[in-house]
Amino acid sequence: MLIKEDEYIHTYVCVHIIFLNEERLFPTAPGSPLPVSPGAETGDMGQRNQTSLADFILEGLFDDSLAHAFLFSLTMVVFLIAVSGNTLTVLLICADPRLHTPMYVLLSQLSLMDLMHVSTTIPKMAINYLSGTKSISFVGCATQHFLYLSLGCAECILLTFMSYDRYVAICHPLRYAVLMNRKVGQMMAVMSWLGASVNSLIHTAILMHFPFCGPRNIHHFYCEFPAVLKLVCGDITVYESTMYISTILLLLLPIVLISASYVFILHSVIHMHSAGGKRNAFATCSSHLTVVSLWFGACIFSYMRPRPQRTPLQDKVGSVFNSIVTPTLNPLIYTLRNKDVAKALRKVLGREMITQNPQERLS
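About the cut-offs
Residues numbered from 1 in each chain as written. Predicted model: local features only at pLDDT ≥ 70, side-chain atom pairs only at ≥ 80, totals over all residues. Heavy atoms only, no water. Helix = DSSP H or I, 4+ residues; strand = E, 2+ residues; numbered from the N terminus. Buried < 20%, exposed > 50% of the residue type's maximum accessible area, 1.4 Å probe, protein only. Contact = heavy atoms within 4.5 Å. Core = buried A, V, L, I, M, F, W, Y, C linked by side-chain atoms within 4.5 Å. Patch = residues over 30% accessible without salt bridge, like charges linked within 9 Å, V, L, I, M, F, W, Y side chains within 5 Å. Areas by Shrake-Rupley, 256 points an atom, 1.4 Å probe, with all protein chains shown as cover. Salt bridge = Lys/Arg side-chain N within 4 Å of Asp/Glu carboxyl O. Lys, Arg positive; Asp, Glu negative; His and termini not counted. Charge placed at Lys NZ, Arg CZ, Asp CG, Glu CD. Disulfide = S-S within 2.5 Å. Axes fitted to C-alpha atoms, helices over the stretch in contact; angles between N-to-C directions. Parallel < 35°, antiparallel > 145°, perpendicular 65-115°, else oblique. Left-handed = near helix turned anticlockwise from the far one by under 90°. Nonpolar A, V, L, I, M, F, W, Y, C, P; charged D, E, K, R; others polar. Expected span 1.5 Å × (residues − 1). Phe/Tyr/Trp six-rings, centres within 6.5 Å; stacked < 30°, edge-to-face > 60°. Lys NZ or Arg CZ within 6 Å of the ring centre and 35° of its normal. Pairing = 2+ DSSP bridges.

I tried to follow the environment of His117 on my own but got confused; where do I start?
Among the secondary structure elements, His117 is positioned in helix 4 (residues 102–131). Classification of His117 as buried rests on a relative accessible area of 3%. Considered as a pair, His117 and Leu147 are 30 residues apart in the sequence and their alpha carbons are 7.6 Å apart. Once residues lying within four places of it in the same chain are set aside, the contact partners of His117 are Tyr148, Leu151, Trp295, Asn322 and Ser323.

It is not clear to me how the nonpolar core should be interpreted in this structure. Could you clarify?
Nonpolar side chains in soluble globular proteins generally cluster together in the buried interior. Membership of the largest hydrophobic core comes to 75 residues, with the highest contact counts inside it found for Leu159 and Ile218. Here this core takes 16 residues from helix 5 (residues 138–171), the largest share from any one element. Leave out the neighbours within four places in its chain, and Leu159 touches Leu110, Ile258, His288, Val291, Val292, Trp295 and Phe296.

Any chance you could explain a positive patch on the surface here in plain terms?
A contiguous patch of positive charge, built from Arg279, Lys339, Lys343 and Arg346, is present on the exposed surface. Among the elements that make up the positive patch, the one with the highest residue count is helix 12 (residues 339–362) (three residues).

Just to check I follow, could you spell out the state of the cysteines for this structure?
Under the definition given, this model contains two disulfides. Across the disulfide from Cys141 sits Cys223; the S-S distance is 2.1 Å. Across the S-S bond of Cys141 and Cys223 the torsion is about -130 degrees, and the bridge reads as left-handed. Within this pair, whereas Cys141 is found in helix 5, its partner Cys223 is found in the loop between strand 3 (217–218) and helix 8 (225–229), the two being separated by 82 residues in sequence. Cys141 sits in the buried class, given a relative accessible area of 0%. Judged by relative accessible area, which is 0%, Cys223 ranks as buried. Shown here is the disulfide that connects Cys213 with Cys233, its sulfur atoms set 1.8 Å apart. Judged by the torsion about the S-S bond (90 degrees), the Cys213/Cys233 disulfide is right-handed. With Cys213 in the loop between helix 7 (182–209) and strand 3 and Cys233 in the loop between helix 8 and helix 9 (237–270), the pair connects residues that are 20 residues apart, well separated along the chain. The class for Cys213 is partly exposed, based on a relative accessible area of 34%. Each bonded cysteine of the protein chain is numbered by sequence order, and under that numbering the disulfide pairs are 1-3, 2-4. In this structure Cys285 is a free cysteine whose sulfur lies 8.6 Å from that of Cys171, the closest cysteine sulfur available.

Can you walk me through the packing of helix 9 against helix 10 (residues 275–303) in this structure?
How two helices sit against one another is set out by the angle between their axes and by the gap between those axes. The contact between helix 9 and helix 10 brings their axes to 12 Å, and the two run at 160 degrees. Between helix 9 and helix 10, the interaxial angle falls into the category roughly antiparallel. Handedness of the helix 9/helix 10 crossing: left-handed. Here Leu251, Pro254, Ile255, Ile258, Tyr262, Ile265, Val269 and Ile270 of helix 9 lie close against helix 10, whose contacting residues are Lys278, Ala281, Phe282, Cys285, His288, Leu289, Val292, Phe296, Cys299 and Ile300. Residue classes in the contact of helix 9 with helix 10 are distributed as 16 nonpolar, one polar and one charged.

Looking at this model, I keep getting lost on helix 3 (residues 66–95). Mind explaining?
Residues three or four positions apart in an α-helix share a direction because the helix packs 3.6 residues into each turn. Between its first and last C-alpha, helix 3 extends 43 Å over 30 residues, near the 44 Å set by a 1.5 Å rise per residue. Within helix 3, the full set of buried residues consists of Phe72, Thr75, Phe79, Ala82, Gly85, Asn86, Thr89, Val90, Leu92 and Ile93.

Please clarify how the packing of aromatic side chains should be interpreted in this entry.
The relative placement of two aromatic rings is captured by the distance of their centres and the angle of their planes. Using the criterion set out here, one finds eleven aromatic pairs in the structure. Judged by centre distance (6.1 Å) and plane angle (75 degrees), the ring pair of Phe62 and Phe72 falls under edge-to-face. With Phe62 in the loop between strand 1 (56–58) and helix 3 and Phe72 in helix 3, this pair connects stretches of sequence that are ten residues apart. Across the pair, exposure class does not vary: Phe62 and Phe72 are buried alike. Taking 6.0 Å as the distance between ring centres and 80 degrees as the angle between the ring planes, the aromatic pair formed by Phe62 and Tyr129 counts as edge-to-face. Here Tyr129 lies in helix 4 and Phe62 lies in the loop between strand 1 and helix 3, a separation of 67 residues in the sequence. Residue Tyr129 is classed as partly exposed on the basis of its relative accessible area of 21%. Connected via pairs of aromatic rings, a cluster forms that spans Phe56, Phe138 and Phe212. The ring centre of Phe56 lies 5.0 Å from the NZ or CZ of Arg216, which sits over that ring.

Looking at this model, I keep getting lost on the sheet that holds strand 2 (residues 135–136). Mind explaining?
Strand pairs in the sheet, formed through backbone hydrogen bonds, run parallel or antiparallel to each other. In space, the three strands of this open sheet follow the order 2-1-3, with mixed pairing throughout. Every interior strand has two partners, whereas the edge strands, strand 2 and strand 3, have only one.

I'm lost on the pattern of salt bridges in this one. Help?
In a structure, side chains of opposite charge can pair up when their charged atoms sit close to one another. Throughout the structure, instances matching the rule amount to three salt bridges. Residue Lys230 pairs with Asp315 through a salt bridge whose shortest N-O separation is 4.0 Å. Residue Lys230 is located in the loop between helix 8 and helix 9, and its partner Asp315 is located in helix 11 (residues 312–337); the two are separated by 85 residues in the primary sequence. Classification of Lys230 by relative accessible area gives exposed; the value is 51%.

In this structure, what is going on with the packing of helix 5 against helix 9? I would like to understand it.
Two elements in contact, helix 5 and helix 9, have axes separated by 9 Å at closest approach and are oriented at 15 degrees. With respect to their mutual orientation, helix 5 and helix 9 come out roughly parallel. The interaxial crossing formed by helix 5 with helix 9 has left-handed handedness. In contact with Cys153, Cys156, Ile157, Leu159, Thr160, Ser163, Tyr164, Arg166, Tyr167, Ile170 and Cys171 of helix 5, helix 9 contributes Leu250, Leu251, Pro254, Leu257, Ile258, Ser261, Tyr262, Phe264, Ile265, Ser268 and Val269.

In structure tokens, the structure reads:
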């Protein structure tokens, strides 16, 4: 019996020594988490995925003050002008066979992009303001981000193609029918939509895959890229580098190409002997150049400023100009300064007057 008790004591001492050695080699800090079973890890991952799909909060543009109510009403009036102006431009170009040329095909696509751009951001902002809610779902935020980014990039590409169209029309007028036929114009429109959509899809998928930390308050009135990126708590250095590359390709490169086109155009206009030809050339290019200056100027202000110099108020001002003011001014610029579009508008209005007068006489 004594031998067995000694063996039990010896075994207990050995086990206790081994346990102390393991604790010394792998110490457990006070309050440290205990080992988790695989089932619990799966549950945590599911909870994390559910958290990543939670709603965002859009701070919006306006509060409940009387002055902001007036500004909201003014914004909605501008929104209606933008929608009606761009819709009218698209319908005029589709209805008048004389406007079925590459130049006006590209112009109709520009108006369609402006129409979709202003419809992507303003209705949601208006619904949130009128209902008193500020939330937007994860899917809704991703969709809004994809649409606004793809439309913005498509407009940059399209304006570049439109400058090439003006370059061919002024510098190589005899070869215009060959270099800029209807098929080329359609290909330019498709390339603008397709290239911008692929770029936006990639960036939206990467951005929405990041983990978001803390309260999901977006200091903006829609899910714009810089505002959403501030909520990411992971490492975004590589992603920011890819965004700078995209900005160079889709913003700076078009500016360089458009500038080069207008250098050649200006050189050709200077060497024209006809004063009427010079006036027509300037009239043709002035509308496009005005739209380019407005659009790219707002884009540079919104996306090319250093991060330390960015404030939420400045981001909102740049986005308002880009998503509301520019789409409103574009159809006005082309309608008022383009003789063919203005003539098509007068033709349509004249038809309505002719159809109304017989009815008034019969009544």
